[in-house]
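# Tertiary structure, described
The primary structure of each chain is shown beneath.
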Amino acid sequence: MSKHCSLQETAALLQAANKIVLCSHVSPDGDTLGSALSLMKALQKLGKDVIVTVDDEISKVYKFLPGIESFVRFQNDERIAADLLVVIDASSLDRAGNVSQCVSAPKTLNIDHHISNTEYADYLYLDTAAAATGEIMYELKWIWKWQRVSIRRCIRTAVLSNILIRCRKRCG
């Protein structure tokens, strides 16, 4: 059972960590990829050491996303030490692929919007009213605005694209 966090508590967890692994779910879509990239950019502006990973191939349709080349795919025998593992837009741990066996972190945070979330992480920020996890990322940026973490063009593009892609899938 996860500890449910407010957006402010989520921001505090992210700020307290120095080395952070952000994980997008397998069969990645625009929501998980754009959310991870926008969070990566914001955390880097805060001086954090950030790795973005996905245990799957990324479709060429997402190559326009700023920073998409930053994603790495861990080999099953790789071991990565981090202060915090953040699983993005994944309602269950199996959607994170091999990250649980490759990353050693004392804390796991799940940021999600799916009502089917299984509460597998140590900490959970869940907003089932959000249309996409990208919407949550946008709200998180406003918490950091006072620290001069601007919503630069690359962050805006990633957040907007994942919301548009997600809503287009739902609305046809």
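I will try to describe carefully the structure that is included in this document. Model, not experiment: these values are computed from the prediction.

This brings us to the overall build of the protein. When helices and strands are counted, the protein shows five helices and eight strands. Starting at the N terminus and walking to the C terminus, you meet the elements of the protein as β-α-β-α-β-β-β-α-β-β-β-α-α. Per-residue burial for the protein yields a buried fraction of 52% across its 172 residues. In the protein, 67% of the contacts between residues at least 6 apart in sequence involve partners at least 24 apart. Approximately 8,200 Å² of the protein is accessible, and the part contributed by carbon and sulfur atoms is 50%.

Strand β5 (residues 84–88) sits mainly inside the fold: five of its five residues count as buried. Alternating positions in β5 separate into two faces, L84, V86 and I88 on one and L85 and V87 on the other, with burial throughout. By the bridge criterion, five bridges tie strand β2 (residues 19–24) to β5 in an arrangement that is parallel. The residue bridging I20 from the neighbouring strand is L84, located in β5. Bridge count for β5 against strand β7 (residues 107–112) is five bridges, and the pairing is parallel. Each residue of the ladder has a partner; that of L85, found in β7, is T108.

With that settled, consider the side chain of D89. Here D89 lies in the loop between β5 and α3 (99–102). Side-chain polar atoms of D89 contact the side chain of T133, separated by 2.9 Å.

What follows covers the pattern of salt bridges. Across all of its chains, the model carries three salt bridges by this definition. In this structure, E9 engages K3 in a salt bridge whose closest nitrogen and oxygen atoms are separated by 3.4 Å. Among the ionic pairs, E57 bridges to R73, the shortest N-O distance being 3.1 Å. Here E57 is found in the loop between β3 (49–54) and β4 (80–81), whereas its partner R73 is found in the loop between β3 and β4, with 16 residues between them in sequence. Looking at E57, the relative accessible area reads 59%, which means it is exposed. One salt-bridge network, in which partners are shared between bridges, spans D55, E57 and R73.

Thresholds, definitions, all that
Residues numbered from 1 in each chain as written. Predicted model: local features only at pLDDT ≥ 70, side-chain atom pairs only at ≥ 80, totals over all residues. Heavy atoms only, no water. Helix = DSSP H or I, 4+ residues; strand = E, 2+ residues; numbered from the N terminus. Buried < 20%, exposed > 50% of the residue type's maximum accessible area, 1.4 Å probe, protein only. Contact = heavy atoms within 4.5 Å. Areas by Shrake-Rupley, 256 points an atom, 1.4 Å probe, with all protein chains shown as cover. Pairing = 2+ DSSP bridges. Polar contact = N/O pair within 3.5 Å; in protein donor to acceptor, adjacent residues only side chain to side chain. Salt bridge = Lys/Arg side-chain N within 4 Å of Asp/Glu carboxyl O.

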